[in-house]
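Descriptive analysis of the structure
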Amino acid sequence: MGSSAVDGGDHSRLRQLNERAVLASVRAAGELRVAQIVEQSGLGRTAVEEVLSSLVTRRWLIEESPAIRGRGRPARSYRFRAKAGYVAGLDIGAFSVRGVLTDLDGRMLANARRSVTPETPRKQRLATADRVIADCAREAGVPEARVWAVGAGTTGLVDAAGTVVRANAIPDWGGTDLAGHFKARLVVVDNDSQLAALAEQRRGGADHSADMVFLHAGRRTGLALVLDGQLRRGAFGAAADMSALRGVAWEAALEYLHDVVPVEIPTVDKAERAFAAARDGDRAARAAVRKYARAMAVAAATAIAIVDPRLLVLGGAFSQAADVLLEPLAAELDRLCPRVPELHASSLGALCVALGAASLAQDAINTRLLSPSRGPLPQLSARSL
């Protein structure tokens, strides 16, 4: 009897491994025929057929209707059910909370934004984040119960447990347990600049394997590093965090832009107005952009001198002003660096942090789906992992 129980356990374990091998093969390829799954998974055809039938029944895979050509049985193909569940990515900042909703293959289906201020109380800021998720789900026509995971990016230093350790831009944000707030779902949390760099690596136009310094420029400023194709957080999640260095006057640099627009313009719009004025040839605005670029270049040059990357990517909301910002930034870097890397502007704009947060949550789901230690895959319905 003991031997029979062991044999049954071994068989169950083998089936779980086979399920994940087949699921991984189909997810990686997008769509595969049975013969291709057999080849890529290394399993026998009978085992693959059994697993495919089970995964279709439990709604993990979709069997595509084959086109009938000529004689014989047409080849069947299978694809992952990417809309079995969804992922929310959040960018929780001092002046706004942005969110995106993606399917399980990372396709963005909706995005939303709500305004806050640095003085918005912690509880209200968290409630705003909840409403942004609801906004995204409503726009995409998706029940909130099918949002399996939340990725959250936020200004400041975040520890491995998902708690904000320090946040200079938001007075009461230090000590916020973001992972605990979203605990009903699978939750991952990281610094906003780190996640913006992750989004650029996954979704931007840069070479994914290249060493990169990411300059996150907007109403908050930060740096992040991608080395050997991997985002580097550092031992405590503070890699490339230069916000505490006296020589890095990021917050003061924004005042150069704010000072050249009328005082009645809302603070959240002043930088954009300054860039627009510089674009139109306003001499004072162009001078302000040069001063701002000089301040940005000091921190970027420090990271360049240490890492010697092939790429420097200008990302964040201010990347949309690359037409007036990249040239003075390049000139300052040329003055400060013995070798200036290639300069690119990100195409992800203000959604970069939320998209990076969604990518981080996607990675967490993939670990749950494909890890052999997670047990049998469940029957899918409106449920979380």
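Structure shown above.
Let me begin by describing the structure that accompanies this report. Note that this is a predicted model, so its numbers are computed, not measured.

Considering only enclosed or pocket space, the second largest pocket measures out at about 250 Å³ in volume. Lining the second largest pocket are 14 residues, with Asp 105, Gly 106, Arg 202, Gln 362 and Asn 366 sitting closest to its centre. Those elements giving two or more residues to the lining of the second largest pocket turn out to be helix H1 (2-29), helix H6 (192-203) and helix H11 (352-370). Within the lining of the second largest pocket, the residues separate by chemical class into four nonpolar, five polar and five charged.

With that out of the way, let us pick up the packing of aromatic side chains. Enumeration according to the criterion identifies four aromatic pairs in this entry. Taking 6.4 Å as the distance between ring centres and 75° as the angle between the ring planes, the aromatic pair formed by Phe 275 and Tyr 292 counts as edge-to-face. Note that Phe 275 is positioned in helix H8 (residues 267-279) and Tyr 292 in helix H9 (residues 283-307), a separation of 17 residues in sequence. In this structure Tyr 292 comes out as buried when scored by relative accessible area, which is 0%. Take Phe 275: its relative accessible area is 3%, and that puts it in the buried class. Looking at Arg 27, its charged tip hangs above the ring of Phe 80, at a distance of 4.3 Å from the centre. The ring of Trp 173 is capped by Arg 125, whose NZ or CZ atom sits 5.7 Å from the centre of that ring.

Once that is clear, we can look at the pairing of strand S5 (residues 96-103). Burial within S5 is extensive, with eight of its eight residues counted as buried. On S5, burial covers both faces: Ser 96, Arg 98, Val 100 and Thr 102 on one face and Val 97, Gly 99, Leu 101 and Asp 103 on the other are all buried. Two elements, strand S4 (residues 86-92) and S5, share seven bridges in a ladder whose sense is antiparallel. Within S5, the position partnered with Val 87 by the bridge is Thr 102. Here S4 folds back onto S5 in antiparallel fashion, the turn holding three residues. In terms of strand pairing, S5 meets strand S6 (residues 108-115) through seven bridges, oriented antiparallel. Note that in S6 the partner of Thr 102 across the bridge is Met 108. Between S5 and S6, which pair antiparallel and follow one another directly, the connecting turn spans four residues, one of which, Gly 106, has a positive phi of 90°.

A separate point is unusual backbone geometry. Within the chain, Arg 59 stands out as a residue other than glycine whose phi angle is a positive 70°. Here Arg 59 is to be found in the loop between helix H3 (45-57) and strand S2 (61-64). Owing to a relative accessible area of 39%, Arg 59 belongs among the partly exposed residues under this scheme. The backbone phi angle of Ala 240 is positive, close to 70°, even though this residue is not glycine.

Attention now goes to the sheet that holds S4. With mixed pairing, five strands are arranged side by side in an open sheet as S6-S5-S4-S7-S10. Every other strand in the sheet has two partners, leaving S6 and strand S10 (186-191) as the edge strands with one partner each. When the angles between neighbouring strand axes are averaged without regard to direction, this sheet yields 15°. Where H6 meets the sheet, its contacts fall on S5, strand S7 (147-154) and S10, and the angle it forms with S10 comes to roughly 105°. Lying on the sheet, H11 is in contact with S4, S5, S6, S7 and S10; it crosses S4 at an angle near 140°.

Within this structure, the stated rule accounts for 21 salt bridges. The closest approach of N and O atoms between Arg 107 and Asp 103, which form a salt bridge, is 3.0 Å. By relative accessible area, which is 46% here, Arg 107 ends up partly exposed. Arg 107 is the partner of Asp 105 in a salt bridge, and the nearest nitrogen-oxygen pair spans 3.8 Å. One connected set of salt bridges, linked through shared partners, spans Arg 27, Asp 103, Asp 105 and Arg 107.

Before going further, it helps to examine the packing of helix H2 (residues 34-41) against H3. At their nearest, the axes of H2 and H3 sit 10 Å apart, and the two run at 115° to each other. The angle between H2 and H3 places the two elements in the roughly perpendicular class. The interaxial crossing formed by H2 with H3 has right-handed handedness. Along its contact with H2, which presents Val 34, Ala 35, Ile 37, Val 38 and Ser 41, the element H3 presents Arg 45, Val 48, Glu 49 and Leu 52. Looking at the contact of H2 with H3, its residues break down into six nonpolar, one polar and two charged.

What follows concerns the environment of Leu 380. Note on placement: Leu 380 falls in the segment after H11. With a relative accessible area of 6%, Leu 380 lands in the buried category. On a C-alpha basis, the gap between Leu 380 and Ala 88 in space is 19 Å, while along the polypeptide they are 292 residues apart. When neighbours within four sequence positions are excluded, Leu 380 is seen to be in contact with Arg 58, Arg 59, Trp 60, Ala 84 and Trp 148.

Cut-off values and rules
Residues numbered from 1 in each chain as written. Predicted model: local features only at pLDDT ≥ 70, side-chain atom pairs only at ≥ 80, totals over all residues. Heavy atoms only, no water. 1 Å grid on protein atoms, 1.4 Å probe; cavity = no way out; pocket = protein on both sides within 12 Å on 5 of 7 lines; lining within 4 Å. Points joined across faces, edges and corners; volume = space filled by probe spheres on them. Helix = DSSP H or I, 4+ residues; strand = E, 2+ residues; numbered from the N terminus. Nonpolar A, V, L, I, M, F, W, Y, C, P; charged D, E, K, R; others polar. Phe/Tyr/Trp six-rings, centres within 6.5 Å; stacked < 30°, edge-to-face > 60°. Buried < 20%, exposed > 50% of the residue type's maximum accessible area, 1.4 Å probe, protein only. Lys NZ or Arg CZ within 6 Å of the ring centre and 35° of its normal. Pairing = 2+ DSSP bridges. Axes fitted to C-alpha atoms, helices over the stretch in contact; angles between N-to-C directions. Contact = heavy atoms within 4.5 Å. Salt bridge = Lys/Arg side-chain N within 4 Å of Asp/Glu carboxyl O. Parallel < 35°, antiparallel > 145°, perpendicular 65-115°, else oblique. Left-handed = near helix turned anticlockwise from the far one by under 90°.

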